[in-house]
Each structure stands twice: as C-alpha cells, then as structure tokens.
Amino acid sequence: MIRSFALTVLLSAVFFSVNGQDILVKKNGATIEGKVTEVGIDRVSYKISQEKESASFVIRKNELNRIEFANGQTVFIDERNLPGKRRVNPASTSNLFGRHMVNFSPFKALDSGPGLGLSYEILADKKGYFGIILPVSLIFPDRFDLFDGYGDQREAFYFSPGLKIYPFGQKRVTYAVGPSIFTGFGKQVRNDGYYDPNTGTYPNTRSESKIFRFGIIVNNYVNFQISDHFQIGLNGGFGSRYIDRETYNDTRSTNGGINITGEFNFNLGLRF
C-alpha cells in the first residue's frame with residue numbers, strides 16, 4: 001500500500017514537472033525543453049533546471065520557429081510558418097519597446113530662439129503606425145527689437161500637440177512624419193519714449209505687452225532605440241505662422257500675412 005502510494009506521488013511529480021516545461025522549437029525541427037525566463041529583442045533566455053540557482057542559457061530568436069509555453073500559449077517567431085496561428089510580429093508591434101514615451105529636449109530651436117522642451121507620446125494603435133505627441137517648450141528669445149524696434153521679448157511658452165505617422169512601424173531606427181498645431185504665449189518689454197518740451201529731454205517708460213502666436217508645423221522625426229527603454233531622437237520641420245499678435249493696453253496689433261516658421265529638436269527619452 002505504501003509503495004503504491006509513493007509510486008503514485010512520484011509519477012505525478014514527474015508528470016507535472018514534464019508538463020510544466022516550456023518548449024523552444026528551432027527552425028531545423030529540434031526542440032529544447034526548459035523554463036523561459038526572458039524574451040528579449042533578439043534572444044531568448046531559458047533554464048533547463050527548476051532550481052533557482054541553476055545556469056541560464058541563451059538562444060537567438062532567428063534560430064527559433066516558435067515557443068510553446070507550459071500554459072498552452074504558442075508564440076511563433078518565424079512568420080513564414082503562421083497559417084491560421086496566433087503570432088507576434090516584432091517588427092510591427094508597439095509592444096516591442098512600449099507604447100509610452102517621455103522625452104526631454106536639452107536643446108530646441110524655433111525661429112524665435114533656442115529653448116528647452118518636454119513631451120509625452122503614446123502610440124494610438126497596436127501595430128505602432130500612429131502616435132499622438134504632446135510637447136511643451138520654454139523658449140528664450142535671442143533677438144531684440146522684435147516689434148518696430150522698441151522692445152525685447154522675454155521667455156515664451158509653446159504648446160504644440162501633433163500626430164505622428166510611422167510608415168514603417170516600430171524598429172530600432174524609426175522614421176515618422178506628421179503635423180503639429182502650435183500656440184505660443186510670451187511677453188515683451190516695451191520702451192516708449194517721447195519728447196518733453198518743458199525739459200527738452202526724451203524720458204522713457206517701460207511696460208509689458210502680451211505676445212500670442214498660432215500656426216502649423218510639419219515635422220520629420222528620426223528615433224534611435226538604444227535599448228528597450230532608452231532612446232535618442234531628432235526632429236525638424238517647417239510650417240506657417242498664421243497669427244503673430246501683440247496686446248498692449250487692451251489694444252491688439254497683428255503682423256499681417258503668413259510668416260514661415262520652423263523648428264529643430266534634439267531629445268533624450270524613456271520608453272515604457
């Protein structure tokens with residue numbers, strides 16, 4: 001009786017141990033049984049022992065056809081063998097690196113001057129072909145006498161939400177293009193002078209006026225995915241500024257016509 005019970009327990013343990021293994025199926029048909037511990041960008045890590053301190057092994061993804069997990073899920077690596085099967089396409093899925101991106105721009109240049117920027121982007125679809133980006137910028141104007149030679153502009157804030165289109169999906173080096181609508185808010189210090197006939201001098205008064213800008217820019221983006229979570233990006237574009245308005249003492253003056261504008265941006269980002 002005891003021997004039968006012990007044999008049953010032993011066989012059950014062996015059964016569950018075997019069925020708890022993941023199976024890595026290579027392209028040549030060979031199989032590897034073990035426990036997959038990590039599925040990376042170009043390689044898969046696994047252990048052949050259930051012991052926590054056991055050695056880990058690595059195999060490149062381009063050697064694999066599929067991974068059959070112990071829970072019944074099968075992930076195909078080689079797209080040529082996907083008829084009617086569930087698949088994961090590393091070249092086009094947004095889950096490869098993460099759908100969310102936060103970028104900091106230590107250098108950003110607009111036609112009004114250099115500055116700093118911070119942006120958040122989210123991929124809007126599962127395959128990673130469309131993104132929505134929300135940048136904010138702080139610009140330090142590098143010029144004076146902005147309007148008719150009587151003042152200098154102070155720091156300005158820009159908000160420019162936009163759409164990014166990734167024609168080739170998500171890869172290590174990714175290209176995107178898309179329009180952004182920007183609005184800018186700032187102030188200008190005015191120096192108003194007049195002639196005083198009583199003293200024969202030209203006294204000056206200093207006051208502030210409000211600046212508002214509105215326009216559209218079409219940007220080209222290039223992103224370098226250095227690791228799964230760290231990226232470096234560049235973007236540059238041209239567009240039109242449709243509103244360039246100054247408000248002083250409740251009086252508004254607008255520069256007439258459409259003005260050409262542009263921007264260049266270098267950023268460092270976190271992807272998750």
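We now turn to the structure provided with this report. (Residues numbered from 1 in each chain as written. Predicted model: local features only at pLDDT ≥ 70, side-chain atom pairs only at ≥ 80, totals over all residues. Heavy atoms only, no water.)

**Quick look at the nonpolar core**
Consideration 1: Of all hydrophobic cores here, the largest spans 10 residues; its members are Leu24, Ile32, Val36, Val44, Tyr46, Ile59, Leu64, Ile67, Val75 and Ile77.
Consideration 2: Broken down by secondary-structure element, the contributors of at least two residues to this core are β2 (31-39), β3 (43-47) and β5 (64-68). (Core = buried A, V, L, I, M, F, W, Y, C linked by side-chain atoms within 4.5 Å. Buried < 20%, exposed > 50% of the residue type's maximum accessible area, 1.4 Å probe, protein only. Helix = DSSP H or I, 4+ residues; strand = E, 2+ residues; numbered from the N terminus.)

**Describing the environment of Ile211**
Consideration 1: Tracing the backbone shows Ile211 in strand β13 (residues 204-225).
Consideration 2: Here Ile211 falls in the buried class, since its relative accessible area comes to 4%.
Consideration 3: The sequence separation of Ile211 and Tyr248 amounts to 37 residues, and the corresponding C-alpha distance is 9.1 Å.

**Digging into the side chain of Asn65**
Consideration 1: Its location among the elements puts Asn65 in strand β5.
Consideration 2: Under the relative-accessibility criterion, Asn65 is labelled buried at 8%.

**Some remarks on the side chain of Arg213**
Consideration 1: Looking at the secondary structure, you find Arg213 in strand β13.
Consideration 2: For Arg213, the side chain forms a polar contact with the side chain of Ser112, separated by 3.5 Å. (Polar contact = N/O pair within 3.5 Å; in protein donor to acceptor, adjacent residues only side chain to side chain.)

**Points about the pairing of strand β7 (residues 100-110)**
Consideration 1: Sheet analysis places β7 next to strand β8 (residues 113-123), joined by 9 bridges and oriented antiparallel. Counted as the bridge partner of Asn103 is Ser119 from β8.
Consideration 2: Where β7 folds back on β8, the antiparallel hairpin that results is connected by 2 residues.
Consideration 3: Looking at chain direction, β7 and strand β16 (residues 259-271) are connected through 8 bridges and run antiparallel. Bridge assignment links Leu110 to a residue of β16, and that residue is Glu263. (Pairing = 2+ DSSP bridges.)

**With respect to the pattern of salt bridges**
Consideration 1: Scanning the model with the defined rule gives 6 salt bridges in all.
Consideration 2: A salt bridge links Asp42 to Arg43, with the shortest nitrogen-to-oxygen separation between them at 3.4 Å.
Consideration 3: For Arg43, a relative accessible area of 37% gives the class partly exposed.
Consideration 4: Measuring nitrogen to oxygen at the nearest pair gives 3.5 Å for the salt bridge that ties Asp244 to Arg213. Here the residue Asp244 occupies a position in strand β14 (residues 230-248), and Arg213 occupies one in strand β13, the gap between them amounting to 31 residues.
Consideration 5: Classification of Arg213 by relative accessible area gives buried; the value is 2%.
Consideration 6: Among the charged side chains, a salt-bridge network with shared partners connects Asp111, Arg213, Arg241 and Asp244. (Salt bridge = Lys/Arg side-chain N within 4 Å of Asp/Glu carboxyl O.)

**Structural notes on the pairing of strand β1 (residues 22-26)**
On a regular strand, one side chain projects to one face of the sheet and the next to the other, so that they alternate.
Consideration 1: Sheet topology places β1 next to β2; 4 bridges connect them, and they run antiparallel. Note on β2: the bridge partner recorded for Val25 is Thr31.
Consideration 2: The hairpin formed by β1 and β2 contains 4 residues between the paired strands, and Gly29 there has a positive phi angle of roughly 95°.
Consideration 3: Where β1 and β5 come together, 4 bridges link them in antiparallel fashion. Paired with Ile23 across the bridge in β5 is Glu68.

**Quick look at the packing of aromatic side chains**
Consideration 1: Summed over all chains, the structure comprises 4 aromatic pairs.
Consideration 2: Consider the rings of Tyr46 and Phe57, whose centres lie 5.8 Å apart with planes at 25°: the pair is stacked. Taken together, the residues span a long stretch of sequence, with Tyr46 in strand β3 and Phe57 in strand β4 (residues 56-60) at a distance of 11 residues.
Consideration 3: A residue is classified by how much of its surface remains accessible, and Tyr46, at 9% relative accessible area, is buried.
Consideration 4: On the basis of relative accessibility, which here comes to 34%, the residue Phe57 falls in the partly exposed class.
Consideration 5: A centroid spacing of 6.2 Å and a plane angle of 45° characterise the contact between Tyr158 and Phe182, whose relative ring orientation is tilted. Within this pair, whereas Tyr158 is found in strand β10 (residues 151-159), its partner Phe182 is found in strand β12 (residues 173-193), the two being separated by 24 residues in sequence.
Consideration 6: For Phe182, a relative accessible area of 6% puts it in the buried group.
Consideration 7: For Lys164, the ring lying beneath its charged end belongs to Tyr221, and the centroid distance is 4.3 Å. (Phe/Tyr/Trp six-rings, centres within 6.5 Å; stacked < 30°, edge-to-face > 60°. Lys NZ or Arg CZ within 6 Å of the ring centre and 35° of its normal.)

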